[in-house]
Amino acid sequence: MSVQTNFENGELRFSLGGELDHHSARDVMRKIADEIDRRLPGKCVLDLAGVGFTDSSGIAVLLRTHKHMRELGGSLSVENVHAQPAKVFRAANVGKMVAFQEVR
Amino acid sequence: MKSENYIKVEFPSMSANEAFARNVAAIFAARLDPTLDEVGDIKTAVSEAVTNSIVHAYPSELGRIQLRCRLPEHNLVEIVVRDWGVGIADVPQAMEPMFTTGGEDRSGMGFSMMEGFMDSLKVRSSPGKGTTVTMKKRILSKARK
Ligand SMILES: Nc1ncnc2c1ncn2[C@@H]1O[C@H](COP(=O)(O)OP(=O)(O)OP(=O)(O)O)[C@@H](O)[C@H]1O
Ligand SMILES: [Mg+2]
């Protein structure tokens with residue numbers, strides 16, 4: 001799984017690519033957390049345009065990052081969510097905690 | 001021997017095998033000409049079941065996981081994920097949404113996902129002996145979709 005990072009005007013953007021599961025999530029979660037701690041952004045964006053698959057491990061990535069940002073007084077948004085990940089997030093009612101925008 | 005197509009694969013409980021297992025199941029089901037949505041459902045359910053065996057059944061050592069797929073009926077795929085790990089003492093409780101023994105890392109949504117994304121889910125387990133998860137999904141012919 002690839003993680004590209006971009007930091008501009010206080011916004012930290014992660015572009016993820018590949019399949020998100022328990023195997024890949026550990027690494028992704030660590031990279032995201034380290035980068036947030038280093039940059040202390042006001043806003044964080046997870047761009048999931050490159051993520052064609054996730055299982056429940058992806059839910060943990062969203063919720064953890066959301067919690068991390070909230071602790072810093074910042075916010076998280078999740079963008080470009082494909083149909084399969086969107087279905088998984090909806091099944092777990094993730095939208096109640098973290099707003100995500102689906103790819104059209 | 002009954003003329004029924006099936007596959008049986010066995011692999012060690014390494015997390016790198018999660019992707020392998022769900023993709024094998026998806027390829028097996030491909031012969032029923034499923035929609036992308038149905039393929040996604042099967043991959044999700046298998047990923048959940050196999051991850052459970054890796055994370056919960058064998059928490060501190062590597063063990064054996066078996067994946068079996070067959071077509072018991074026209075348009076019906078049956079997927080079995082089996083381990084010989086620690087087992088589950090209280091299956092109904094384990095299957096409740098949000099129930100987890102995995103702490104911060106896990107959300108307790110695995111069984112709910114398998115149940116919601118497949119047409120049926122059966123879990124057989126005994127402590128110390130292991131767990132067998134049997135899931136079925138009917139693939140509607142494209143003409144009826
Ligand atoms: N193969 C297994 N062997 C032993 N225990 C299991 C097995 N599968 C599930 N369990 C038990 O059932 C509980 C619920 O499983 P479920 O998949 O619903 O949630 P989870 O794995 O804890 O979290 P998530 O799947 O959301 O990451 C687990 O926490 C574990 O205690
Ligand atoms: Mg699970």
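One structure accompanies this document, and this report is about it. As the structure is a computational prediction, the values presented were derived from the model and not from experiment.

**Section: the side chain of Glu4(B)**
Residues and elements named next belong to chain B.
Consideration 1: Here Glu-4 shows up in the segment before β1 (6–12).
Consideration 2: The exposure class assigned to Glu-4 is buried, which follows from its relative accessible area of 19%.
Consideration 3: A polar side-chain atom of Glu-4 sits 3.1 Å from a polar atom in the side chain of Arg-70.

**Brief notes about the site of ligand 1**
Consideration 1: Residues in contact with ligand 1 amount to 21 residues; listed here are only the nearest, His56(B), Thr100(B), Thr101(B), Arg106(B) and Met109(B).
Consideration 2: One chain alone does not account for the residues near ligand 1; they come from chains A and B.
Consideration 3: Contact between ligand 1 and Ser56(A): an oxygen atom at 3.4 Å from a side-chain N or O atom of the residue.
Consideration 4: For ligand 1, an oxygen atom lies 2.6 Å from a polar atom in the side chain of Thr101(B).

**Quick notes on the interface of chain B and chain A**
Consideration 1: Facing the 23 residues of chain B at the interface are 19 residues of chain A.
Consideration 2: Summing the contributions of chain B and of chain A, the shared interface buries around 1,600 Å²; its carbon and sulfur component is 48%.
Consideration 3: At the boundary of chain B and chain A, one finds five salt bridges.
Consideration 4: Between Asp21(A) and Arg22(B) there is a salt bridge, with the nearest N and O atoms lying 2.8 Å from each other.
Consideration 5: Taken together, chain B and chain A are joined by 14 residue pairs in polar contact (both at pLDDT 80 or more).
Consideration 6: Those elements giving two or more residues to the side of chain B that touches chain A turn out to be α1 (17–29), α2 (36–57) and α4 (110–117) of chain B.
Consideration 7: Of all the elements, α2(B) adds the most residues to the side of chain B that touches chain A, at 10 residues.

**With respect to the nonpolar core**
Consideration 1: The biggest cluster of nonpolar side chains holds 34 residues, and the ones touching the most others in it are Ile42(B), Val46(B), Leu67(B), Ile79(B), Phe111(B) and Met135(B).
Consideration 2: Of all the secondary structure elements, the ones that give two or more residues to this core are α1, α2, β2 (64–73), β3 (76–83), α3 (91–94), α4, β4 (120–126) and β5 (130–138) of chain B.
Consideration 3: One finds Leu12(A), Leu16(A), Leu62(A) and Val81(A) within the second-largest nonpolar core, a separate group that totals 31 residues.

**With respect to the sheet that holds strand β3 (residues 43–54) of chain A**
Hydrogen bonds along the backbone pair up the strands of a sheet, which may run parallel or antiparallel.
Consideration 1: Judged by pairing direction, the sheet is mixed, and its five strands sit side by side in the order β1-β2-β3-β4-β5 (chain A) without closing on themselves. Each of the sheet's edge strands pairs with one partner strand only, and the pair in question is β1 (2–8) and β5 (100–102) of chain A. Taking each pair of neighbouring strands and ignoring which way they run, the sheet shows an average axis angle of 15°.
Consideration 2: Running over the sheet, helix α1 (residues 22–39) of chain A touches β1, β2 (11–20) and β3 of chain A and is turned about 175° from β2(A).
Consideration 3: Docked against the sheet, α2(B) engages β2 and β3 of chain A, running at close to 105° with respect to β3(A).

Calculation criteria
- Residues numbered from 1 in each chain as written.
- Chains lettered and ligands numbered in written order.
- Predicted model: local features only at pLDDT ≥ 70, side-chain atom pairs only at ≥ 80, totals over all residues.
- Heavy atoms only, no water.
- Helix = DSSP H or I, 4+ residues; strand = E, 2+ residues; numbered from the N terminus.
- Buried < 20%, exposed > 50% of the residue type's maximum accessible area, 1.4 Å probe, protein only.
- Polar contact = N/O pair within 3.5 Å; in protein donor to acceptor, adjacent residues only side chain to side chain.
- Near = heavy atom within 4 Å.
- Contact = heavy atoms within 4.5 Å.
- Buried area = accessible area lost by both parts, 1.4 Å probe.
- Salt bridge = Lys/Arg side-chain N within 4 Å of Asp/Glu carboxyl O.
- Core = buried A, V, L, I, M, F, W, Y, C linked by side-chain atoms within 4.5 Å.
- Pairing = 2+ DSSP bridges.
- Axes fitted to C-alpha atoms, helices over the stretch in contact; angles between N-to-C directions.

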